[in-house]
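# Inside the fold
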Amino acid sequence: MHAAIVTGVSRGLGEALAAALLARGVAVLGIGRTASARLKGRHYHHTACDLSHPALIAASVTPGLRALAAQKPVSVALINNAAVVTPTGLVGRLDAAEVEGAFATNVGAPVVMADLFFRTFADDAIGRRIINISSGAAQTAIAGSAVYSMSKAALEMLTRSIVAENAAPNFRCISLRPGIFETGMQSYMRGLDPAEVPSVGMFRSFKENGLLKDPAEVAARIVDKLIEGPVENGRTYSHTDL
């Protein structure tokens, strides 16, 4: 039996990833604030968790992780997908509480999830994989999205740090910048005031020029290439690799 843990399954790429994995017979533990009506069946278990509070994550997700481990999977993958794009706006006009919440969700939660993953699945004989869903924004600054860009850059450093600490032959950890696809995040960015977020025009052009892919299509490629296929430990993959 193969297993996966996916964060941010309420909608978007996380929901699509969980659905694609279930279609392949993978046992999925989905983690998110709310359950998705699309995700169901005997191979799916949902754990409600607010990832903006990393200190409370263990109490919520540990029972589900232990139940998954009790099924003795031959391989297990953690997909750190959950993220928030807010706060948006120019530095000098940001809300401090939103900044704190963004780093908690986008950086703190993945660290905690990785820590719990290693604690729960400690057997080096198991095929283990961590996939941190990053963004091109980790490398390229986008005006009005400083917090999001910084948090994704930090997530990629988490990948490199984990690889530096773990040399088990059956373990891999990678980052993925999956490219652009239609999600609530894209819709949100298109609707912002250009005076607050100067990069709005770029996001609107993605839609106008038909460049946004279907999340289901992107998810299927991620599962085929990076979850089930061979990967290079520590590498940052991009949409061109899918």
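This text follows the structure it describes.
### Concerning the packing of helix α3 (residues 96-120) against helix α4 (residues 146-165)
Axis separation between α3 and α4 bottoms out at 9 Å; the angle between their running directions is 15°. The orientation of α3 relative to α4 falls into the category roughly parallel. Considering how the two elements wind past one another, α3 and α4 form a crossing that is right-handed. Residues Val99, Ala102, Phe103, Asn106, Val107, Pro110, Val111, Ala114 and Phe118 of α3 form the contact with α4, whose own contacting residues are Val147, Tyr148, Met150, Ser151, Ala154, Leu155, Leu158 and Ile162. Looking at side-chain class alone, the contact of α3 with α4 contains 15 nonpolar, two polar and no charged residues.

### Brief notes about the pattern of salt bridges
Here the structure, examined in full by the defined rule, presents 13 salt bridges. Residue Asp50 is joined to Arg33 by a salt bridge in which the shortest nitrogen-to-oxygen separation is 3.2 Å. With Asp50 in the loop between β3 (44-48) and α2 (57-70) and Arg33 in the loop between β2 (27-32) and β3, the pair connects residues that are 17 residues apart, well separated along the chain. Take Asp50: its relative accessible area is 30%, and that puts it in the partly exposed class. On the basis of relative accessibility, which here comes to 56%, the residue Arg33 falls in the exposed class. Taking the shortest distance from any N to any O, the salt bridge between Glu196 and Arg93 comes out at 3.4 Å. In this pair, Glu196 sits in the loop between α5 (184-190) and α6 (200-208) while Arg93 sits in the loop between β4 (75-80) and α3, placing the two residues 103 residues apart along the sequence. Through salt bridges with shared partners, one network takes in Arg24, Asp224 and Glu228.

### Let's talk about the side chain of Thr159
Counting through the fold element by element, Thr159 comes out in helix α4. Setting aside residues up to four positions removed in sequence, Thr159 forms contacts with Asn132, Cys173, Ile174, Ser175 and Gly234.

### Description of the pairing of β2
Judged by how many residues are buried, β2 sits mostly within the fold: six of six residues are covered. In β2, alternate side chains face the same way, and those of Ala27, Leu29 and Ile31 on one face and Val28, Gly30 and Gly32 on the other are all buried. Two elements, strand β1 (residues 2-7) and β2, share five bridges in a ladder whose sense is parallel. In the strand pairing of β2, Ile5 is matched with Leu29. Between the parallel elements β1 and β2, the chain passes through helix α1 (residues 12-23) in a crossover that is right-handed. Bridging between β2 and β3 involves five bridges; their strand directions are parallel.

### Considering the packing of aromatic side chains
Within the structure shown, the criterion is met by four aromatic pairs. Pairing Phe117 with Phe118 gives two aromatic rings, centres 5.9 Å apart and planes at 75°, and the pair type is edge-to-face. Geometrically, the ring pair formed by Phe203 and Phe206 is edge-to-face, given 5.9 Å between the ring centres and 80° between the ring planes. Separated by three residues within a single helix, Phe203 and Phe206 lie in helix α6, roughly one turn from each other. For Phe206, a relative accessible area of 14% gives the class buried. Through a chain of ring-to-ring contacts, the aromatic side chains of Phe117, Phe118, Phe121 and Phe171 assemble into a single cluster.

### Concerning the nonpolar core
Nonpolar side chains in soluble globular proteins generally cluster together in the buried interior. In terms of nonpolar packing, the biggest core is built from 31 residues, with Leu21 and Ile79 touching the most fellow members. Of all the elements in the fold, those that place two or more residues in this core are β1, α1, β4, β5 (127-133), β6 (171-177) and α7 (215-227). What Leu21 contacts, discounting residues up to four positions off in sequence, is Ala4, Val6, Val26, Val28, Ile79, Val223 and Ile227. In this structure, Ala27, Leu29, Leu51 and Ala168 belong to the second largest nonpolar core, which totals 28 residues.

Definitions and limits used
- Within each chain, residues carry numbers counting from 1 in the order of the written sequence.
- Side-chain atom pairs in this predicted model are given and counted only at pLDDT of 80 or more, local residue features only at pLDDT of at least 70, and totals for whole chains, interfaces and linings cover all residues.
- The basis for every side-chain value is the complete set of heavy atoms in the structure, and neither hydrogens nor water enter the calculation.
- A fitted line through C-alpha atoms represents every axis, and for helices the fit uses only the stretch in contact; the resulting angles, taken between N-to-C directions, go from 0 to 180 degrees.
- For helices the rule is a DSSP run of H or I covering at least 4 residues; for strands it is a run of E covering at least 2, with both sets numbered from the N terminus onward.
- An angle below 35 degrees is read as roughly parallel, one above 145 as roughly antiparallel, one from 65 to 115 as roughly perpendicular, and any other as oblique.
- Crossing chirality is assigned from the near helix's rotation relative to the far helix, an anticlockwise turn below a right angle marking it left-handed and a clockwise turn marking it right-handed.
- Two residues form a contact once any of their heavy atoms are found within 4.5 Å.
- Note that Gly is not counted as nonpolar here; it falls among the polar residues with everything else outside the nonpolar set of Ala, Val, Leu, Ile, Met, Phe, Trp, Tyr, Cys and Pro and the charged set of Asp, Glu, Lys and Arg.
- Salt bridges are counted wherever a side-chain nitrogen of Lys or Arg sits within 4 Å of a carboxyl oxygen of Asp or Glu.
- In this scheme, a residue with accessible area under 20% of its type's maximum is buried, one over 50% is exposed, and one in between is partly exposed, where area comes from a 1.4 Å probe on protein chains only.
- Here, a strand pair is defined by DSSP locating no fewer than two bridges between the strands.
- The handedness rule is simple: strands pointing away from the viewer, and a clockwise path from the first strand over the helix to the second, make the crossover right-handed.
- Pairing of aromatic side chains requires ring centres within 6.5 Å, counting the rings of Phe and Tyr and the six-membered ring of Trp. Pairs whose planes differ by under 30 degrees are stacked, by over 60 edge-to-face, and all others tilted.
- By convention a nonpolar core is built from buried Ala, Val, Leu, Ile, Met, Phe, Trp, Tyr and Cys residues, the set being connected through side-chain atoms within 4.5 Å.

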